[in-house]
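# Observations on the model geometry
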Amino acid sequence: MTPALSTQAVVAVIGAGAMGAGIAQVAATAGHTVKLLDNRPGAAVQAINGICTQFEKLAAKGKLTLEAAQAAGARLQAAEQLADLFDAGLVVEAIVENLQVKQTLFKDLETVVSEACILASNTSSISITAIGAALKKPQRLAGLHFFNPAPLMALVEVVSGLATERDVANTLFATAAAWGKTPVHAKSTPGFIVNRVARPYYAEALRVLTEGGADCATLDACCREAGGFRMGPFELMDMIGHDVNFAVTQSVWRAFFNDPRFLPSLVQQELVDAGFLGKKSGRGFYDFSATAVKPLPATVPPLAQPHDIVVYGQSAAALALATRLQTHNASFTQAQALGDTLATAGGATLRVTDGRSATRCAFDTHTPNTVLIDLALDYAKATRLAVSVAAQCDEAAAHSAIGLLQAAGFVVSQLHDIPGLIVMRTVAMLANEAADAVNQGVCDAAAVDTAMRLGVNYPCGPLAWANAMGLPQVSTVLTHLAQTYGEDRYRTSPLIQQQLYAAKVFS
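Residues numbered from 1 in each chain as written. Predicted model: local features only at pLDDT ≥ 70, side-chain atom pairs only at ≥ 80, totals over all residues. Heavy atoms only, no water.

## Here we look at the sheet that holds strand S14 (residues 384-389)
- Judged by pairing direction, the sheet is mixed, and its seven strands sit side by side in the order S10-S9-S11-S12-S13-S14-S15 without closing on themselves. Strand pairing shows two members of the sheet lacking a second neighbour, strand S10 (333-335) and strand S15 (411-414), which therefore form its edges. With direction set aside, neighbouring strand axes in the sheet form an average angle of 25°.
- With four bridges connecting them, strand S12 (residues 348-352) and strand S13 (residues 370-373) associate as parallel partners. The residue bridging Thr349 from the neighbouring strand is Thr370, located in S13.
- Where helix H14 (residues 358-365) meets the sheet, its contacts fall on S12, S13 and S14, and the angle it forms with S13 comes to roughly 130°. (Pairing = 2+ DSSP bridges. Helix = DSSP H or I, 4+ residues; strand = E, 2+ residues; numbered from the N terminus. Axes fitted to C-alpha atoms, helices over the stretch in contact; angles between N-to-C directions. Contact = heavy atoms within 4.5 Å.)

Given below as structure tokens:
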């Protein structure tokens, strides 16, 4: 097993912005002497003062002893020029996201540091292979991608370029672990793991919004309260900043030669063009002005509870629905499985969405009074469910179906009849992208699930979620979305197909 860098090794960090300062704090806390360099006069000293203040706060909260906080602060040094980094065992670059600037920096570093020094870039999207192409020894360069804020976020992507030596990547992996982080190996492909696999979380929400599926507040609420995501896609984009989020999407899309899977949204481009960048500009999808009132999600008012509720089968959704109805003292009966029918009431048939619209499903099954419910991370704990109603469904039947769900304690949001609703299509596409990343050798299944849980706080790794749903359901949803839209965007990953045919799950 490759050992971590000794704490006797000097760690140099170039760039004293938020990311650079955060990485310097992590390395100093772990016991390294840290040299911080920035080309802006006084920036390194200012960053060190800020880090020392953070150490004092951690000591005050009891998370560090006073002695440890003072010792960590004393290990921080401001470097004045590149030559000051001559004794570094590791240099981490955290400067502007520009290939040429990074190449120039690392070429200059090669003339300063020893041949044993490891070079690392904190880039979130630029190819490590491309950066290394300008170096005499590209084999000692790798990506060491921290997430913001670096002292708090556990994930670190250790990214290998085409020339990166395995021992270099393994040393960085072990070092990140020694620093208290959870590292994952990744190959240098566009977006690495997190910035690639996360694209559908934004893209599917933007498409549903574009098609009039629901407003931002409703879609965000469904993703939080049914999907279990910490933040909805629109509030998350507003927090990240649309300039940043849109730029990453464009970068990944272009790097994959305009693959429609990563197609940027005209809606988001409009926001960027207007300067509506989100929270930092005071306006994005939401208004952040002092007088703004946060919009509420659309919620169906309480409807009468139907008297003829029947719940079918033993699926996770059916078992949770029966338990919730019982908990809320609602009268119902249980019956054996009846195809994909979840429940019936008042002439309505409830099904879990399979990627078709309710109208298409009603047509295909010759069941006009069809109402579809969305996916939930856990139907027993979800507080809100999205539904869609077939165009053929009569109003009384739709009210009975919604009344049934309300009787089980769900808050119900009715979406326009969008294929796959919002949580189901999003999770299916996240799983699909994760599977493609594994299939293309970017990482393994465990790494992609770890990365998405720790890097963007997903409630479940996308492949673990696909296992729980069942790969046949994931495949069916993707197939129906592809049929509806006629786009390569929804093509099913070869790895999902392979696992499905072999009756295997991701592990």
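## Structural notes on the pattern of salt bridges
- Per the stated rule, a full pass over the model turns up 21 salt bridges.
- Measuring nitrogen to oxygen at the nearest pair gives 2.8 Å for the salt bridge that ties Arg196 to Glu433. With Arg196 in helix H7 (residues 194-197) and Glu433 in helix H16 (residues 423-439), this pair connects stretches of sequence that are 237 residues apart.
- Here Asp259 and Arg491 are joined by a salt bridge, their closest N and O atoms 2.7 Å apart. Of this pair, Asp259 sits in the loop between helix H11 (242-255) and helix H12 (266-274) while Arg491 sits in the loop between helix H19 (471-485) and helix H20 (494-501); the two residues are 232 residues apart in sequence, bridging distant segments of the chain.
- For Arg491, a relative accessible area of 27% gives the class partly exposed.
- Shared partners join several salt bridges into a network, and the residues in it are Arg224, Glu225, Glu235, Lys294 and Arg384. (Salt bridge = Lys/Arg side-chain N within 4 Å of Asp/Glu carboxyl O. Buried < 20%, exposed > 50% of the residue type's maximum accessible area, 1.4 Å probe, protein only.)

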